[in-house]
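Working through the structure, step by step
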Amino acid sequence: SLPLIASSIMSKKIAAGARVIVLDVKVGRGAFMKTESEATALAELMVKIGRLAGQGKTERRVAAVISDMNQPLGNAVGNAVEVVEAIETLKGSGPQDFVEHCFAISEQLVLLAGEAQDEQDARNKLQAVWSDGRALAKFGEWIGAQGGDARVVQDYALLPRARIIQDVTAPRDAYVAGLDAEQVGLTVVQLGGGRSKKEDAIDRAVGVVFKHKVGAYVRRGDPLFTLYADDKDRFEGARARLLSSFTFSEGKPNPPS
């Protein structure tokens, strides 16, 4: 339901008082919007709501970027493992697709805020704060401002750690042709990393970190992903489900943009 999705998302943005908003609208198997036309319709509706809510004294500048969610963005899926990936990205060691996505979104934010002349100027400014550590320092400030322990930026041992951490290997020599983001997300929920109903507790330690994604060539026995679990039965179920979320091919496929 476009009205329900749009009102849920935009009410929070407007209530929080943001004057500049860039929306990241996902499209593909792992998103609510499965087609680009659906994603475009949702994006246009949310941008319109934001601009209408900003008429008069509270002008709001709103834009949307539509991004692929047929396979997971970055390599990590889960709570603690995604925090580690975010921090590593700010330190300069993030997955290339995730880094590019961060720059694409941030460029639009800087432009809407009037802090750059064009996308290249925006990227140059962003590159500077990323390279010199200011972005990482700001991340630590966010944690402290919310009552968290900012030492986690340098000490990942402060994060929850799963009891079972094990590599799962590729079943054959082939290219990775597909990685179903929806099945990956549901698998992490099955592990306890998300809620099936409102009352469920979340296990922040569980998740998966992929070693290879679409376009990569793997040999049988190569580590395909690392699985983080707190229960042996759930580990085995997640292992099988994640393996089935991959498709393989003899020819090299083009990874999604």
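Presented here is an overview of the structure given in this document. Throughout this description, residue numbers start from 1 for each chain and increase along the sequence as written. Where totals are concerned, whole chains, interfaces and linings use all residues; where local detail is concerned, this predicted model gives features only for residues with pLDDT of at least 70, and gives and counts side-chain atom pairs only at 80 or more. Neither water nor hydrogens contribute to the side-chain values; these are computed over all heavy atoms in the structure.

Attention shifts here to the sheet that holds strand β8 (residues 223-229). Strand order in this open sheet of 4 strands is β3-β6-β8-β4, and the pairing throughout is antiparallel. The two strands at the open ends of the sheet, each matched to only one other strand, are β3 (76-78) and β4 (164-169). In this sheet, neighbouring strand axes are inclined to one another by 15 degrees on average, regardless of whether the strands run parallel or antiparallel. In this analysis, strands are considered paired if DSSP registers two or more bridges between them. To qualify as a helix, a DSSP run of H or I must reach at least 4 residues; to qualify as a strand, a run of E must reach at least 2; elements of each kind are numbered from the N terminus. Examined bridge by bridge, strand β6 (residues 207-210) and β8 share 4 bridges and lie antiparallel to one another. If you follow Val209 over to β8, its bridge partner there is Thr226. Along the sheet face, helix α7 (residues 181-191) touches β3, β6 and β8 and points at about 140 degrees away from the line of β6. Here the axes come from fitting lines to C-alpha atoms, over the contacting stretch only for helices, and the angles between their N-to-C directions go from 0 to 180 degrees. Throughout, a residue-residue contact means that at least one pair of heavy atoms, one from each residue, lies within 4.5 Å.

The next subject is the nonpolar core. Residue types Ala, Val, Leu, Ile, Met, Phe, Trp, Tyr and Cys, when buried and joined through side-chain atoms within 4.5 Å, form a set referred to as a nonpolar core. For the exposure calls, accessible area comes from a 1.4 Å probe over protein chains only, and a residue counts as buried if that area is under 20% of its type's maximum, exposed if over 50%, partly exposed in between. By size, the foremost hydrophobic cluster in this structure holds 24 residues, and its most contacted members are Val208, Phe210, Phe225, Leu227 and Phe246. For this core, the elements supplying multiple residues, two or more each, are β4, β5 (174-179), α7, β6, β8, α8 (232-244) and β9 (246-249). The dominant element in this core, judged by the number of residues it contributes, is β8, at 4 residues.

We now examine the packing of helix α3 (residues 79-90) against helix α6 (residues 134-145). Where α3 contacts α6, the axes come no closer than 8 Å and their chain directions differ by 145 degrees. Residues Ala86, Ile87 and Leu90 of α3 lie in contact with α6, whose contacting residues are Ala135, Leu136 and Phe139. Under this grouping Gly is polar, as are all residues other than the nonpolar Ala, Val, Leu, Ile, Met, Phe, Trp, Tyr, Cys and Pro and the charged Asp, Glu, Lys and Arg. Here the contact of α3 with α6 is built from residues that sort into 6 nonpolar, no polar and no charged.

The next thing to look at is the environment of Arg172. Structurally, Arg172 is set in the loop between β4 and β5. Arg172 sits in the partly exposed class, given a relative accessible area of 32%. Between the C-alpha atom of Arg172 and that of Val218, which follows or precedes it by 46 residues, the distance is 7.5 Å. Dropping the residues within four chain positions of it, Arg172 is found in contact with Val218, Arg219, Arg220, Phe248 and Glu250. Reaching out from Arg172, the side chain makes a polar contact with the side chain of Glu250 at a distance of 2.7 Å. As used in this structure description, the phrase polar contact means that two N or O atoms lie within 3.5 Å; if the pair is within protein, one of them must be able to donate a hydrogen and the other to accept it, and residues adjacent in sequence are counted only when both atoms belong to side chains.

To continue, consider the environment of Arg61. Within the secondary structure layout, Arg61 lies in strand β2 (residues 61-68). Between the alpha carbons of Arg61 and Gly50 there is a distance of 7.7 Å; along the sequence they are 11 residues apart. In this structure Arg61 touches Arg19, Val20, Ile21, Leu112, Ala113 and Gly114, once residues within four positions along its chain are discounted.

Before going further, it helps to examine the packing of aromatic side chains. Ring pairs shown here join Phe, Tyr and Trp side chains whose ring centres sit within 6.5 Å, with only the six-membered ring taken for Trp; geometry is labelled stacked below 30 degrees between planes, edge-to-face above 60, and tilted in between. Following the criterion strictly, the structure yields 7 aromatic pairs and no others. Ring geometry for Phe103 against Trp130: centres 5.3 Å apart, planes inclined by 80 degrees, an arrangement best described as edge-to-face. Placement of Phe103 in helix α4 (residues 96-112) and of Trp130 in helix α5 (residues 119-131) is noted, with a sequence separation of 27 residues between them. Overall, Phe103 belongs to the buried group, its relative accessible area being 9%. For the pair Phe139 and Trp142, a centre-to-centre distance of 5.9 Å together with 55 degrees between the ring planes defines the contact as tilted. Remark: Trp142 and Phe139 occur in helix α6; sequence separation between them is 3 residues, near one turn of the helix.

What follows deals with the environment of Val22. Take Val22: it is sitting in strand β1 (residues 20-27). Considering only alpha carbons, one finds Val22 and Ser245, 223 residues apart in sequence, at a separation of 31 Å.

This part is about the sheet that holds β9. Ordered in space as β7-β5-β9, the 3 strands form an open sheet in which the pairing is antiparallel. Here the strands that pair on one side only, and so sit at the sheet edges, are β7 (217-218) and β9. Bridge count between β5 and β7: 2 bridges; the pairing is antiparallel. When the sheet's bridge partners are listed, Tyr175 is paired in β7 with Tyr217.

For the rest of this paragraph, the subject is α8. Between its terminal C-alpha atoms α8 stretches 19 Å, which fits the 18 Å expected from 13 residues at 1.5 Å a residue. Contact partners of the buried residues in α8: β4, α7, β6, β8 and β9. Two or three places before Asp233, at the opening of α8, Asp231 has a side-chain oxygen 3.0 Å from that residue's backbone nitrogen. A helix is expected to reach a length of 1.5 Å times the quantity of its residues less one.

Quick look at the packing of helix α1 (residues 2-16) against helix α2 (residues 36-52) now. In helix packing, the relevant descriptors are the interaxial angle and the interaxial distance, both defined with respect to the helix axes. For the pair α1 and α2, the least separation of the axes is 10 Å and the interaxial angle reads 40 degrees. The orientation of α1 relative to α2 falls into the category oblique. Crossing geometry of α1 relative to α2 is assigned as right-handed. Side by side, α1 and α2 meet where Leu2, Pro3, Ile5, Ala6, Ile9, Met10 and Ile14 of the first sit next to Ala41, Leu42, Leu45, Met46, Ile49 and Gly50 of the second. Residues of the contact of α1 with α2, tallied by class, amount to 12 nonpolar, 1 polar and no charged. By definition in this entry, angles of less than 35 degrees are roughly parallel, angles greater than 145 are roughly antiparallel, angles of 65 to 115 are roughly perpendicular, and the rest are oblique. Each helix crossing is assigned a hand: it is left-handed if the near helix lies turned anticlockwise from the far helix by less than a right angle, otherwise right-handed if that turn is clockwise.

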